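Notes for the structure review
Residues per chain, in single letters:
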Amino acid sequence: MTHVGQSASAAGQQGADPAGGAAPDGRATWRDVVAAYVGLTKPRVIELLLLTTVPVMFYAARGVPELGLVVWTVLGGTFSAGSASVFNCVYDRDIDEQMRRTRRRALPRHIVTPRSALVFGTVLGVLSTVILYLGVNALSALLSVTAIAFYVFGYTMLLKRRTTQNIVWGGIAGCFPTLIGWTAVTGSLSWTPVVLFMVVFFWTPPHTWALALRYREDYAHVDVPMLPVVKPAREVGRQIVLYSWVMVATSLLLWPVAGTGPFYPVAAAVLGAIFLLEAHRMWGRTRGTEDLSVIQPMRLFHSSNLYLSLLFVAVALDPLLSF
């Protein structure tokens, strides 16, 4: 669900400390290096992935899951998502140098070498697998490894630079936390986590296309065929609306499939209606214009984050509020 500025200028800026400071001689400080390694894992993406893991654990446990199990699952999931992001940064370092949104990452700034990043990503992947296998169960560990492999080989290496459907199918990797959260508690799969898997699947295109619309010039510059690069804003808006309707319908499907209490369907309906209104409004703003200051795609992007967060909070709260 993550995507992809200038080597000479970045090299000259590599002493700039994201945390606020730089060595007097312009070299990277130890704080630069630590911040760079953390940045390679894309912490904001990890936060979002964990937000779709832990609430599912609450629902699977029909209440508050065992604290130790949550800790091991979160730790393993953090390392797993971090590993996939590091490998993505290594593979995409050539285009990351040329894009405004990504040229401040560690590899374009040459604070971390590609080899060191590969070792770091591998260590995180191994640790995540061991933690999930020993602290949770084998099925959760297997799902985690599958998610890493799909994101790296399926999305990053195969789909991203070849097709406008890159994030539609590549986004599958970001859906796995729903399955991992469920299997961590139950040790098996069922239709309930599959429905939530599909909610995240249909949520990913509106979320990512809104961001890609904002940075479409960057993607066009590096020949990444994101939908907003090859289609006009009006068509992007239409596709976002279509996926949003399917997403909301899928979210309501959890009610009969999982037998939720009344809280979840009410919350899902309200949140879905608000999101659909925002999606339709953005589509309306694309009429007759390609001006991003008019279209305001980042409004929808931020709304999508809030929507998914609150929807999964509702998933976690539903068993606690059902008597």
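Above this note sits the structure.
Since this is a predicted model, take the numbers as computed values, not measurements.

So, the nonpolar core
Counting residues in hydrophobic clusters, the biggest one holds 68 residues, and the most contacted among them are Trp209, Met247 and Tyr307. A total of 13 residues in this core trace back to one element, the largest contributor, which is helix α11 (residues 191-214). Once you skip the residues sitting within four places of it in the chain, Met247 turns out to touch Val199, Phe202, Trp203, Phe275 and Tyr307. Core analysis: the next-biggest nonpolar cluster, separate from the first, contains 11 residues, Ala36, Cys89, Ala106 and Ile111 among them.

A word on unusual backbone geometry
With a phi angle near 55°, Lys42 is a residue other than glycine that sits in the positive phi range. With respect to the secondary-structure elements, Lys42 resides in the loop between α2 (30-40) and α3 (43-51). For Lys42, a relative accessible area of 7% corresponds to the buried category.

Thoughts on the packing of α11 against helix α14 (residues 233-258)
Between α11 and α14, the shortest axis-to-axis distance is 9 Å and the interhelical angle comes to 160°. The angle between α11 and α14 falls in the class roughly antiparallel. Like other packed secondary-structure pairs, α11 and α14 cross with a definite hand, here left-handed.

Comments concerning the packing of aromatic side chains
Evaluation of the coordinates by the stated rule reveals 8 aromatic pairs. Ring geometry for Tyr151 versus Tyr155: centroids 5.5 Å apart, planes at 25°, classification stacked. In this pair, Tyr151 and Tyr155 are both assigned in helix α8 (residues 138-159), 4 residues apart and thus about one turn of the helix distant. Taking relative accessible area as the criterion, Tyr151 reaches 5% and is therefore assigned buried. Among the aromatic side chains, those forming a connected cluster through ring pairs are Trp169, Phe201, Phe202, Trp209 and Tyr243. Above the face of the Tyr215 ring, Arg101 is positioned so that its terminal group lies 5.7 Å from the ring centre. Above the face of the Tyr215 ring, Arg214 is positioned so that its terminal group lies 4.6 Å from the ring centre.

Regarding α14
The end-to-end C-alpha distance of α14 is 37 Å, a good match for the 38 Å that 26 residues give at a rise of 1.5 Å each. Two residues or fewer after α14 comes Gly259, characterised by a positive phi angle close to 65°.

Considerations on the side chain of Ser85
The topology assignment puts Ser85 in helix α5 (residues 67-91). Excluding residues within four positions of it along the chain, Ser85 makes contact with Leu40, Thr41, Lys42 and Tyr151.

Observations regarding the pattern of salt bridges
Under the definition given, this model contains 9 salt bridges. Note that Arg216 is salt-bridged to Glu290, the shortest N-O span being 2.7 Å. On the criterion of sequence distance, the pair formed by Arg216 in helix α12 (residues 216-221) and Glu290 in the loop between α15 (263-285) and α16 (292-295) is long-range, its members being 74 residues apart. Glu290 gets classed as partly exposed once you look at its relative accessible area, which sits at 37%.

Notes on the environment of Thr204
Relative to the assigned elements, Thr204 resides in helix α11. In this structure Thr204 comes out as buried when scored by relative accessible area, which is 1%. Through-space distance from the C-alpha of Thr204 to that of Ile167 is 7.3 Å; in sequence the pair is 37 residues apart. A polar contact of 2.8 Å, which involves the side chain of Thr204, links it to the backbone oxygen of Val200.

Quick look at a nonpolar patch on the surface
Taken together, the side chains of Val64, Phe263, Val313, Leu317, Leu320 and Leu321 present a nonpolar region at the surface, about 470 Å² in accessible area. By the secondary structure assignment, Leu320 is in helix α17 (residues 297-321). Given a relative accessible area of 34%, Leu320 falls into the partly exposed group.

Parameters and conventions
Residues numbered from 1 in each chain as written. Predicted model: local features only at pLDDT ≥ 70, side-chain atom pairs only at ≥ 80, totals over all residues. Heavy atoms only, no water. Core = buried A, V, L, I, M, F, W, Y, C linked by side-chain atoms within 4.5 Å. Buried < 20%, exposed > 50% of the residue type's maximum accessible area, 1.4 Å probe, protein only. Helix = DSSP H or I, 4+ residues; strand = E, 2+ residues; numbered from the N terminus. Contact = heavy atoms within 4.5 Å. Axes fitted to C-alpha atoms, helices over the stretch in contact; angles between N-to-C directions. Parallel < 35°, antiparallel > 145°, perpendicular 65-115°, else oblique. Left-handed = near helix turned anticlockwise from the far one by under 90°. Phe/Tyr/Trp six-rings, centres within 6.5 Å; stacked < 30°, edge-to-face > 60°. Lys NZ or Arg CZ within 6 Å of the ring centre and 35° of its normal. Expected span 1.5 Å × (residues − 1). Salt bridge = Lys/Arg side-chain N within 4 Å of Asp/Glu carboxyl O. Polar contact = N/O pair within 3.5 Å; in protein donor to acceptor, adjacent residues only side chain to side chain. Patch = residues over 30% accessible without salt bridge, like charges linked within 9 Å, V, L, I, M, F, W, Y side chains within 5 Å. Areas by Shrake-Rupley, 256 points an atom, 1.4 Å probe, with all protein chains shown as cover.

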